[in-house]
Amino acid sequence: QVQLVESGGGLVQPGGSLRLSCAASGSIFSIYAMGWYRQAPGKQRELVATITRTRSTNYADSVKGRFTISRDNAKNTVYLQMNSLKPEDTAVYYCQMDVREQTDYRSYTYWGQGTQVTVSS
């Protein structure tokens, strides 16, 4: 079993910055793709950014140039640096990881518990 623990959410004014972190622990052999998703009230969950093990990245058009995803493979951690935040970035942010487990060497997708990001003056 694998657990993902997120941190770094909060309340920030428009134009401000936040950095989210998500650390995985448990029966981990290796982690392939990592990503961040978000869900605003009344809306479907949407992709924000993804990063492969070789650090190839992909971003939603709405966050390109403002958000940066990165990862530390040694720490099994993914980060999301969010700059120039806008009120429309307000949502619960979830991390996701595709993990190959040590127990059976099969791949599973895990989600974090979610962290609230509120952008408001």
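The following paragraphs examine the structure supplied in this document. (Residues numbered from 1 in each chain as written. Predicted model: local features only at pLDDT ≥ 70, side-chain atom pairs only at ≥ 80, totals over all residues. Heavy atoms only, no water.)

So, about the overall build of the protein chain. A tally of regular secondary structure across the protein chain gives zero helices and eleven strands. Rg of the C-alpha trace for the protein chain: 14 Å, near the compact-globule value of 14 Å for 121 residues, within the 12% margin. If you line up the protein chain on its principal axes, its C-alpha atoms span 50 × 25 × 25 Å. Across the 121 residues of the protein chain, 43% fall into the buried class. Once local pairs closer than 6 in sequence are excluded, the contacts in the protein chain between residues at least 24 apart make up 55%. Only carbon and sulfur atoms are counted for the fraction: they give 47% of the accessible area of the protein chain, which is about 6300 Å². (Helix = DSSP H or I, 4+ residues; strand = E, 2+ residues; numbered from the N terminus. Rg over C-alpha atoms; globule rule 2.2 N^0.38 Å. Buried < 20%, exposed > 50% of the residue type's maximum accessible area, 1.4 Å probe, protein only. Contact = heavy atoms within 4.5 Å. Areas by Shrake-Rupley, 256 points an atom, 1.4 Å probe, with all protein chains shown as cover.)

What follows covers the sheet that holds strand β1 (residues 2–7). Taking strand neighbours across the sheet as the criterion, the four strands line up as β1-β3-β8-β7 in an open arrangement whose pairing is antiparallel. Pairing within the sheet leaves two strands with one partner each, and these edge strands are β1 and β7 (67–72). Averaged over all pairs of adjacent strands, the angle between their axes in this sheet comes to 15 degrees, without regard to strand direction. The sheet contact formed by strand β3 (residues 18–26) and strand β8 (residues 77–82) spans six bridges and is antiparallel. Across the sheet, residue alanine 23 finds its bridge partner in β8, namely threonine 77. (Pairing = 2+ DSSP bridges. Axes fitted to C-alpha atoms, helices over the stretch in contact; angles between N-to-C directions.)

Moving on, we come to the state of the cysteines. A complete count under the given rule lists one disulfide for this structure. Disulfide pairing places cysteine 22 opposite cysteine 95 at an S-S distance of 2.0 Å. Since a negative S-S torsion denotes a left-handed disulfide, the cysteine 22-cysteine 95 link at about 45 degrees is right-handed. Of the two residues, cysteine 22 is situated in strand β3 and cysteine 95 in strand β9 (residues 91–101); the sequence distance between them amounts to 73 residues. The same class applies to cysteine 22 as to cysteine 95, namely buried. (Disulfide = S-S within 2.5 Å.)

Here glutamine 13 is to be found in the loop between β2 (10–12) and β3. Assessed through its relative accessible area of 53%, glutamine 13 is described here as exposed. Along the primary structure glutamine 13 and glutamine 1 are separated by twelve residues, whereas in three dimensions their C-alpha atoms are 38 Å apart. Not counting residues up to four positions away in its chain, the partners in contact with glutamine 13 are Val119 and Ser120.

A few words on the packing of aromatic side chains. Both the distance between ring centres and the angle between the ring planes are used here to describe each pair of aromatic rings. Across all of its chains, the model carries two aromatic pairs by this definition. Aromatic side chains phenylalanine 29 and tyrosine 105 sit 5.1 Å apart centroid to centroid with 80 degrees between the ring planes, which places their arrangement in the edge-to-face category. With phenylalanine 29 in strand β4 (residues 28–39) and tyrosine 105 in the loop between β9 and β10 (107–111), this pair connects stretches of sequence that are 76 residues apart. Taking the ring centre of tryptophan 111 as reference, the NZ or CZ of arginine 45 above it sits at 4.7 Å. (Phe/Tyr/Trp six-rings, centres within 6.5 Å; stacked < 30°, edge-to-face > 60°. Lys NZ or Arg CZ within 6 Å of the ring centre and 35° of its normal.)

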